[in-house]
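# Secondary and tertiary structure notes
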Amino acid sequence: MRRNRIFWLLFFALLSVATAVEAQGVRSSRSAIDSLRRMLQMQPDESIICFERSTVDIGVMYDTVAPYVAELRFRNVSGRDLKIEKVKATCGCIDTEFMPSFVAAGASGVIKVKFNPKGQAGTIDKRVFVYTSLSESAPATCVILKGNVVGADEWDFLPHRV
């Protein structure tokens, strides 16, 4: 019952993301759609890596502050050695840093994610996809960055009484 509920929750979440992307006039490639479909079809016992947090809340920040940096700690739960091949974000405002070295079965690793809020005013709902040597054609997992960026207007810094 729980697996079924999780499946439908993920299905509707990805469907809403696809609808939002199409509403913005962005054409998604067939490979991107297939990657998302692969994530839905993955069974819980097929997990490759497991992150401490699947959602990172960046809170509320101004778009003039320094970039937000998060360390995403993960553990290899596949039972086999693997290598992090690539890490892709859904936005150019996110830089990732990882060491493409092998991670033994049961061992841990870290992926650093840096979110630059400049020009990103509004609600943030970005995704970071992780590809491994065991899942090169589809992401092994996804981490979500959520928060709110407040646009700093030049009038905010002036006194209210003149």
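Report on the accompanying structure. Keep in mind the model is a prediction, meaning the values are calculated, not measured. (Residues numbered from 1 in each chain as written. Predicted model: local features only at pLDDT ≥ 70, side-chain atom pairs only at ≥ 80, totals over all residues. Heavy atoms only, no water.)

## Considering the overall build of the protein
Of the regular secondary structure elements, the protein holds 2 helices and 9 strands. Counting from the amino terminus, the protein carries its helices and strands in the arrangement α-α-β-β-β-β-β-β-β-β-β. Expressed as a percentage of its 162 residues, the buried residues of the protein come to 29%. Expressed as a percentage of contacts within the protein between residues at least 6 apart in sequence, the contacts between residues at least 24 apart total 69%. Of the roughly 10800 Å² of accessible surface on the protein, a fraction of 53% belongs to carbon and sulfur atoms. (Helix = DSSP H or I, 4+ residues; strand = E, 2+ residues; numbered from the N terminus. Buried < 20%, exposed > 50% of the residue type's maximum accessible area, 1.4 Å probe, protein only. Contact = heavy atoms within 4.5 Å. Areas by Shrake-Rupley, 256 points an atom, 1.4 Å probe, with all protein chains shown as cover.)

## Comments concerning the pairing of strand β9 (residues 141-150)
Among the 10 residues in β9, 7 count as buried, and that is most of the element. Taken together, the 7 bridges between strand β2 (residues 55-62) and β9 define a ladder with parallel strand orientation. Note on β9: the bridge partner recorded for V56 is L145. The pairing of strand β8 (residues 122-132) with β9 spans 9 bridges and is classified as antiparallel. (Pairing = 2+ DSSP bridges.)

## Concerning the sheet that holds strand β7 (residues 108-115)
Within the open sheet, the 4 strands sit side by side as β1-β3-β7-β5. Their pairing is antiparallel. The open sheet has two edge strands with one neighbour each: β1 (49-51) and β5 (94-97). The mean angle between the axes of side-by-side strands here comes to 30°, regardless of whether they run parallel or antiparallel. Relative to strand β3 (residues 68-76), β1 is paired through 3 bridges, and the arrangement is antiparallel. Note that in β3 the partner of F51 across the bridge is F74. (Axes fitted to C-alpha atoms, helices over the stretch in contact; angles between N-to-C directions.)

## Describing the side chain of D63
Looking at where D63 falls in the secondary structure, it is placed in the loop between β2 and β3. K118 provides the closest opposite charge to the buried, unpaired D63, separated from it by 6.0 Å. Among all residues touching D63, those that are not within four sequence positions of it are P117, K118, G119, V149, V150, G151 and A152. (Lys, Arg positive; Asp, Glu negative; His and termini not counted. Salt bridge = Lys/Arg side-chain N within 4 Å of Asp/Glu carboxyl O.)

## Some words on the sheet that holds strand β6 (residues 102-103)
The mixed open sheet is built from 5 strands, whose spatial order is β2-β9-β8-β4-β6. Sheet topology places β2 and β6 at the edges, where each strand pairs with a single neighbour. Note: strand β4 (residues 82-89) against β6, 2 bridges, orientation antiparallel. Its bridge partner lying in β6, K83 is registered against F102.

## Details of the packing of aromatic side chains
Enumeration according to the criterion identifies 1 aromatic pair in this entry. Note on F51 and F74: the rings are 5.7 Å apart at their centroids and 55° apart in plane angle, and the pair reads as tilted. In this pair, F51 is assigned in strand β1 and F74 in strand β3, connecting sequence segments 23 residues apart. Taking NZ or CZ as reference, K86 lies 4.6 Å from the ring centre of Y131, over its face. (Phe/Tyr/Trp six-rings, centres within 6.5 Å; stacked < 30°, edge-to-face > 60°. Lys NZ or Arg CZ within 6 Å of the ring centre and 35° of its normal.)

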